[in-house]
Amino acid sequence: MSSLPKHSALLNMPIDLIREITTHLSPADNIILATTCRAVRNCAGQGQFPPADTEENREERFEYLAGMSRDMPDHWVCEECMRYHRIDTADTPADSRPNCPLADLYGRYNQPLQLAPADEYELGRRHVQLALKYTRMGDSLTPSHRQYLGRLTAARQFSLSYPWEKKVTVAAKVAPRIVDGRFLLRTICEYRHPSRQITRDLIASESICRHQQFFPLEDGAWTNSSLHQDLRQFPRAVDNSFESPGKEVHGHCPHCYTDFSVTTTARSVRISVWMDLGTESSPLDPVWRSFVHNVEFPPIEEVEYIEPGRVRELYSSGEKEEE
Ligand SMILES: [Zn+2]
Ligand SMILES: [Zn+2]
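Residues numbered from 1 in each chain as written. Chains lettered and ligands numbered in written order. Predicted model: local features only at pLDDT ≥ 70, side-chain atom pairs only at ≥ 80, totals over all residues.

Peer 1: I would appreciate a short explanation of the sheet that holds strand 6 (residues 168-179) in the present structure.
Peer 2: Backbone-to-backbone hydrogen bonds pair the strands of a sheet. The strands run either parallel or antiparallel. With antiparallel pairing, the six strands of this open sheet are ordered in space as 5-6-7-10-9-8. Each edge of the open sheet is held by one strand with a lone partner, namely strand 5 (156-162) and strand 8 (248-253). Direction aside, neighbouring strands of the sheet carry axes that sit 15 degrees apart on average. Its contacts with the sheet put helix 8 (residues 233-243) on strand 8 and strand 9 (258-264), and the angle it makes with strand 8 is roughly 175 degrees. Across the face of the sheet, helix 10 (residues 310-317) comes into contact with strand 6, strand 7 (182-192), strand 9 and strand 10 (268-276) while running at roughly 85 degrees to strand 10. (Pairing = 2+ DSSP bridges. Helix = DSSP H or I, 4+ residues; strand = E, 2+ residues; numbered from the N terminus. Axes fitted to C-alpha atoms, helices over the stretch in contact; angles between N-to-C directions. Contact = placed C-beta atoms within 7 Å.)

Written as structure tokens, this is what we have:
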């Protein structure tokens, strides 16, 4: 063994073993593997896509494009067009300008993640894709890509006021963080009323994800079905928080990777949300889709969040220079 060339552990394996490995790979991964070198292609074959244009094959094709672009810092894979677009380094969540001809409000796949304080922070899947790619590429990045990574993952702080309704002010801070190859996002929103004690309707109809929204008045409309109970995690936490002022009440959403907490005082309601938007995978990944509005996908999908607190802990474990 020691006399064999050390440049490729894969090529030192018996051919049968390499063939065995390829039977466990997706068609897309086999095609990508075949592009690595002739020796691999000779023993593992070219790989090929299954025919017909089904949704499943679309995912397969996308996986291939995403895999091939893993080391292409100047391109992102567009789920709408099924091809690469050049990056635009001015395009960030704080100033979202997707350079795809089909990326309008009616696109099926390019929908951004819209947080409660909308418009000020509009995270597209391409931002997630590029930030994870650049983080993985690390030392091999050019200074300009490194700067772009900094802008893609920059925290953003802003405040909004609504003098025409309820005289509410909202102070928000959005802070992305990449930990263990996952794109995490923490949002803290503090709702205040400058002149009077706060009440539940201060945050009426606010939501923390696609599944959890607060309606203070329609309480009686909810049934006891387990689905409705799942969708009541946030409203219930808000109620508990108003009953225990000053105490941080924790909760999670069972239908996406979201932890949250609510803290109510006499002067403010503070809502913290931690989201795990997933890995450097296809935008067709259910983890991403569970966060993004899309008429083609039902709001309750495959994602089941059964480890409450995992996202919050992972986010804190990545705590570095920030704050
Ligand atoms: Zn496109
Ligand atoms: Zn959710």
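Peer 1: I tried to follow the nonpolar core on my own but got confused; where do I start?
Peer 2: Soluble globular proteins: nonpolar side chains tend toward being buried together. In terms of nonpolar packing, the biggest core is built from 51 residues, with A131, L184, I271, M275, L277 and F291 touching the most fellow members. Setting aside chain neighbours within four positions, we find F291 in contact with L113, C209, R210, C256, M275 and L277. (Core = buried A, V, L, I, M, F, W, Y, C linked by C-beta atoms within 7 Å. Buried ≥ 20, exposed ≤ 12 C-beta atoms within 10 Å, placed from the backbone.)

Peer 1: Even after reading the chapter, I still don't get unusual backbone geometry, so can you show me in this structure?
Peer 2: Excluding glycine, most residues fall at negative phi; most peptide bonds, likewise, are trans. For D180, which is not glycine, the phi torsion reads 50 degrees and is therefore positive. With respect to the element layout, D180 can be found in the loop between strand 6 and strand 7. The phi angle at S205 is positive, at roughly 65 degrees, despite the residue not being glycine.

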